[in-house]
Amino acid sequence: MKLCQLAWSARKAGLAPDLTEEVVRQYLEDLETRLRARPRGIRWATLRATVEELYRFARYTGVTSQDDRRYLMKRLSRYEFFERGQDALKFTALLETGNTTLGVLQKADDILEQASQEESPEARHRLRNAGAILGLYSIVPLRNADAHLILGETLLWESGTWVIDTPIRKTMAHSPEHLVVPLEPEFSRYVDAVVRGDFDDQHLPELRARAARSGRPLFIHPDGSRPSPTYIPRVFKERTGNSFTTTRTMLHTDQAINRGEAGTTDAMAMCHHKSPKIAQKYQEQRIRRVAINRVQDAAAARRAGVMSPDLLAALRSLRTDEEEGQE
């Protein structure tokens with residue numbers, strides 16, 4: 001895709017499409033111009049990823065000169081530096097909604113409770129799907145390409161619990177690795193809610209066994225048809241206000257703050273992350289927020305000795321109102 005974009009940009013400028021310094025510079029200037037025109041402006045991660053792909057192609061194929069590869073590496077280093085100084089949109093989006101893992105789990109439980117009170121079977125079905133999507137993927141944050149779980153194939157009933165056993169398709173992965181997660185009962189119940197449907201709990205063992213043999217997707221429409229690949233991300237976005245890609249960010253930041261190194265280790269396993277640098281990137285935004293709050297609290301404590309109680313209370317009230325407005 002990046003090479004096609006580069007060729008289009010080169011031809012538009014009257015240049016021969018090739019991985020030369022002149023063509024790459026023209027392509028990146030065009031790309032920066034398009035990105036700056038977007039509502040959220042330029043995203044350095046996009047440019048970094050673009051040059052990263054071009055550099056990888058140039059290095060693996062050997063179709064470019066050493067000077068041209070050196071230029072690509074120089075641009076890559078520049079964009080990596082800029083990216084480190086810019087929060088990713090997923091961090092900003094989470095701060096805007098105020099969502100946390102526990103908060104999304106509470107929404108999931110509320111939706112399932114709402115489903116039990118609906119009169120329409122179709123409405124109950126849709127709500128059970130929505131509740132299970134929020135509950136399941138907030139604790140097992142699969143990627144969009146891997147979230148489409150199939151009963152009996154990537155979602156198994158084994159040893160008294162539901163087990164997710166699915167290949168993880170990452171960029172540049174030649175052979176997908178498997179993520180195997182036996183769900184704790186607290187989270188296995190979200191799968192049970194979909195499998196049980198409108199039946200009584202006493203039928204659940206039989207329904208589990210039947211579902212495990214079915215080979216159908218966990219989430220289907222009320223009429224039995226299979227949803228599109230965008231169904232799960234779309235439902236998550238509608239119910240939380242955040243894109244499906246924020247689930248890993250949310251789990252990482254929450255665990256880092258509340259459980260420290262142990263939380264980071266667990267989150268990396270659930271997200272199928274292996275590099276500590278990835279975990280650090282996911283944690284940085286929330287940790288900065290906590291640090292800012294602590295500095296503000298410490299400053300407020302120092303001011304308490306010289307301010308009147310009424311003025312101090314008014315300032316604290318103002319800060320609370322501002323934070324509620326951001327949420």
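A few points on the structure. For every chain, the first residue of the written sequence is number 1, and numbering continues from 1 along that sequence. Thresholds applied to this predicted model are a pLDDT of at least 70 for local features of residues and 80 or more for the giving and counting of side-chain atom pairs; totals over whole chains, interfaces and linings are not thresholded and use all residues. To obtain the side-chain values, all non-hydrogen atoms of the structure were included, while hydrogens and water were left out.

Here we come to the pattern of salt bridges. Any two side chains of opposite charge can pair, on the condition that their charged atoms come close. Here, a salt bridge means any side-chain nitrogen of Lys or Arg that lies within 4 Å of a carboxyl oxygen of Asp or Glu. Counted by the stated rule, this structure contains 12 salt bridges. In this structure, Glu 21 and Arg 25 form a salt bridge, with 2.6 Å as the shortest nitrogen-oxygen distance. With Glu 21 and Arg 25 both in helix α2 (residues 21-36) and four residues apart, the pair spans about one turn of that helix. By relative accessible area, Arg 25 is classed as partly exposed at 31%. A salt bridge links Arg 208 to Asp 192, with the nearest nitrogen and oxygen atoms 2.7 Å apart. Linking Arg 208 in helix α9 (residues 204-214) with Asp 192 in helix α8 (residues 185-196), this pair joins segments that are 16 residues apart in sequence. Neither residue differs from the other here; Arg 208 and Asp 192 are each classed as buried. Among the ionic contacts, a cluster of salt bridges with common partners joins Glu 32, Arg 36 and Arg 75. Here a strand is any run of E in DSSP of at least two residues, a helix any run of H or I of at least four, and the numbering for each starts at the N terminus. Each residue gets one of three labels from its accessible area relative to the maximum for its type: buried under 20%, exposed over 50%, partly exposed in between, using a 1.4 Å probe on protein chains only.

Position of Thr 50 among the secondary structure elements: in helix α3 (residues 44-61). Contact criterion: two residues are considered in contact whenever any of their non-hydrogen atoms come within 4.5 Å of each other. Dropping the residues within four chain positions of it, Thr 50 is found in contact with Lys 2, Tyr 27, Leu 28 and Leu 31.

Our next topic: the sheet that holds strand β1 (residues 155-158). For two strands to pair, DSSP has to find at least two bridges joining them. Taking strand neighbours across the sheet as the criterion, the three strands line up as β1-β2-β3 in an open arrangement whose pairing is antiparallel. Of all the strands in the sheet, just β1 and β3 (177-182) have a single pairing partner and so form its edges. Neighbouring strand axes in the sheet, compared pairwise and without regard to direction, differ in orientation by 25° on average. Bridge count for β1 against strand β2 (residues 161-168) is four bridges, and the pairing is antiparallel. Each bridged residue has a counterpart across the sheet, and for Glu 158 the counterpart in β2 is Thr 161. Whenever a helix is involved, its axis is fitted only over the stretch in contact; in every case the axis is a line through C-alpha atoms, and angles between N-to-C directions fall within 0 to 180 degrees.

Function-wise, these values are silent; they only describe arrangement.
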